[in-house]
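Descriptive structure summary
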Amino acid sequence: MRAVLSSEWLKLRSVTSTYQALGVAALTVVLGMIWTFYVSGLADERGALRAAAPEQGFLPLIQISLAVLGVLAITAEQASGMIRTSLTVVPRRGTLLLAKAGVVAAVTFVAANSIIILTYVTSRLIAGERHLQFNESSLANDLPMLLASGLSVTVLALVGLGLGVATRSTAAAIVSVVSLLFVLPGIANYLPAPWNTRVAALMLPNLVPQIADQRLSRRLGDGFLPPWAALVVLATYAIVALAAGFYLFRRRDA
């Protein structure tokens, strides 16, 4: 298994798309700095301001960028035909997929948390003592949200990997991830009460604040999932996507 993991790590870091996805995700740090400079200027004029935390406002950029990394970890290999070589070397498809999932999870978890924490630190340093609301709580209070955000990115990357295996199409897998991240939660918001909150609470983006035991939004109020249940639902997204991908991977020719 160690040799398979090393091989998958070599594959992932040898393709340009990996660095492109990581680079786009890392733009969050720059965007967070620009946003903080902007709202800090407004706060200097007004005295106080209620601004969104940049690590949360730009989290979807990290999520979708690294989800694409998860998709390309398999679809690029399928498109080039290299998957046949991989299966010749590692004929056990479950082992191959598990190794890919392990490498994708490790890379995205480290990258996501590094970007999120760097965005958090730089924005607070720029904000200083200004009253922007997002900089008025301590790191200890914000840490559950930061960790939940990083974990959500990892799960989305694994969902992307599973959907890439299942669809064998980069475009279809990315569209599916975008639907999970943006389309379905948006539709859930417009369901009649109380179903809007009940359904929205199960949507992937809304699991992050519930894991951190915080409100979903002004519109939806509190979620109904305790942190442990929200964490289980989040993990279920990755498990279901990878299980579906493995089922189809095992039944189809390469």
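What follows is about the overall build of the protein chain. Scanning the protein chain from terminus to terminus reveals 11 helices and 0 strands. Ordered by position in the sequence, the α and β elements of the protein chain form the string α-α-α-α-α-α-α-α-α-α-α. In terms of overall size, the protein chain behaves like a compact globule, its C-alpha atoms giving a radius of gyration of 20 Å where 254 residues would be expected to give roughly 18 Å. In terms of its C-alpha atoms, the protein chain occupies a principal-axis envelope of roughly 65 × 40 × 30 Å. Considering the protein chain as a whole, with its 254 residues, one finds that 46% of them fall into the buried category. Across the protein chain, the fraction of contacts at a sequence separation of at least 24, relative to all contacts at a separation of at least 6, is 74%. Carbon and sulfur atoms form 67% of the exposed surface of the protein chain, whose accessible area is close to 12600 Å². Separation between the mean location of the 19 positive side-chain charges and that of the 11 negative ones in the protein chain comes to 15 Å.

By volume, the largest pocket amounts to about 1200 Å³. Every element with two or more residues in the lining of the largest pocket is listed here: α3 (54-57), α4 (59-80), α6 (93-127), α7 (139-167), α8 (170-189) and α10 (204-211). In terms of residue count, the dominant contributor to the lining of the largest pocket is α7 (5 residues). Of the residues belonging to the lining of the largest pocket, the class tally is 18 nonpolar, 9 polar and 6 charged. Empty space within the second largest pocket amounts to approximately 390 Å³. Lining the second largest pocket are 25 residues, with E8, K11, A73, E77 and K100 sitting closest to its centre. Counting only elements with at least two residues in the lining of the second largest pocket, the list comes to α1 (2-13), α2 (16-46), α4, α5 (82-89) and α6. Grouping the amino acids of the lining of the second largest pocket by side-chain chemistry returns 14 nonpolar, 7 polar and 4 charged.

Here we come to the side chain of S65. Here S65 is to be found in helix α4. Here the side chain of S65 touches L61 through a polar contact of 2.6 Å, landing on its backbone oxygen.

This brings us to the confidence of the model for the protein chain. Per-chain confidence: the protein chain averages 90 in pLDDT, with 96% of residues scoring 70 or above. Across the protein chain, the secondary-structure element scoring lowest on mean pLDDT is α5, at 79, and the one scoring highest is α7, at 95.

Turning our eyes to something else, we now look at the packing of aromatic side chains. What characterises a pair of aromatic rings is the spacing of the ring centres plus the angle enclosed by the ring planes. Counting across every chain of the model gives 1 aromatic pair. With a centroid separation of 6.0 Å and 40° between ring planes, the pair formed by W35 and Y38 is classed as tilted. Residue W35 and its partner Y38 are both found in helix α2; the two are separated by 3 residues, about one turn of the helix. The ring centre of F249 lies 5.2 Å from the NZ or CZ of R93, which sits over that ring. Stacked on the ring of W195, the Lys or Arg R198 has its end atom at 5.0 Å from the ring centre.

This paragraph deals with a nonpolar patch on the surface. A contiguous nonpolar patch, built from V24, L27, V30, L31 and I34 and spanning about 390 Å² of accessible area, is present on the exposed surface. Tracing the sequence through the fold places V30 in helix α2.

Counting through the fold element by element, R2 comes out in helix α1. With 125 residues separating them along the chain, R2 and A127 place their C-alpha atoms 45 Å apart.

Let's shift gears to the nonpolar core. Counting residues in hydrophobic clusters, the biggest one holds 63 residues, and the most contacted among them are I62, L66, L158, L161, L207 and Y237. With 13 residues, the single largest contributor to this core is α6. Every residue in contact with L161, bar those within four places of it in the chain, is listed here: G70, V71, A73, I74, L97, K100, A101 and L242. Among the nonpolar cores identified, the runner-up in size contains 9 residues, and L42, L49, A127 and L132 belong to it.

This next bit is on α2. For α2, which comprises 31 residues, the first-to-last C-alpha distance of 45 Å matches the rise-based estimate of 45 Å (1.5 Å per residue) to within 8%. By the burial criterion, the buried members of α2 are T18, A21, A25, T28, V29, G32, T36, V39, S40, L42 and A43. Once α2 ends, the next one or two residues include G47, with phi positive near 95°.

Rules behind the numbers
Residues numbered from 1 in each chain as written. Predicted model: local features only at pLDDT ≥ 70, side-chain atom pairs only at ≥ 80, totals over all residues. Heavy atoms only, no water. Helix = DSSP H or I, 4+ residues; strand = E, 2+ residues; numbered from the N terminus. Rg over C-alpha atoms; globule rule 2.2 N^0.38 Å. Buried < 20%, exposed > 50% of the residue type's maximum accessible area, 1.4 Å probe, protein only. Contact = heavy atoms within 4.5 Å. Areas by Shrake-Rupley, 256 points an atom, 1.4 Å probe, with all protein chains shown as cover. Lys, Arg positive; Asp, Glu negative; His and termini not counted. Charge placed at Lys NZ, Arg CZ, Asp CG, Glu CD. 1 Å grid on protein atoms, 1.4 Å probe; cavity = no way out; pocket = protein on both sides within 12 Å on 5 of 7 lines; lining within 4 Å. Points joined across faces, edges and corners; volume = space filled by probe spheres on them. Nonpolar A, V, L, I, M, F, W, Y, C, P; charged D, E, K, R; others polar. Polar contact = N/O pair within 3.5 Å; in protein donor to acceptor, adjacent residues only side chain to side chain. pLDDT = per-residue confidence, 0-100. Phe/Tyr/Trp six-rings, centres within 6.5 Å; stacked < 30°, edge-to-face > 60°. Lys NZ or Arg CZ within 6 Å of the ring centre and 35° of its normal. Patch = residues over 30% accessible without salt bridge, like charges linked within 9 Å, V, L, I, M, F, W, Y side chains within 5 Å. Salt bridge = Lys/Arg side-chain N within 4 Å of Asp/Glu carboxyl O. Core = buried A, V, L, I, M, F, W, Y, C linked by side-chain atoms within 4.5 Å. Expected span 1.5 Å × (residues − 1).

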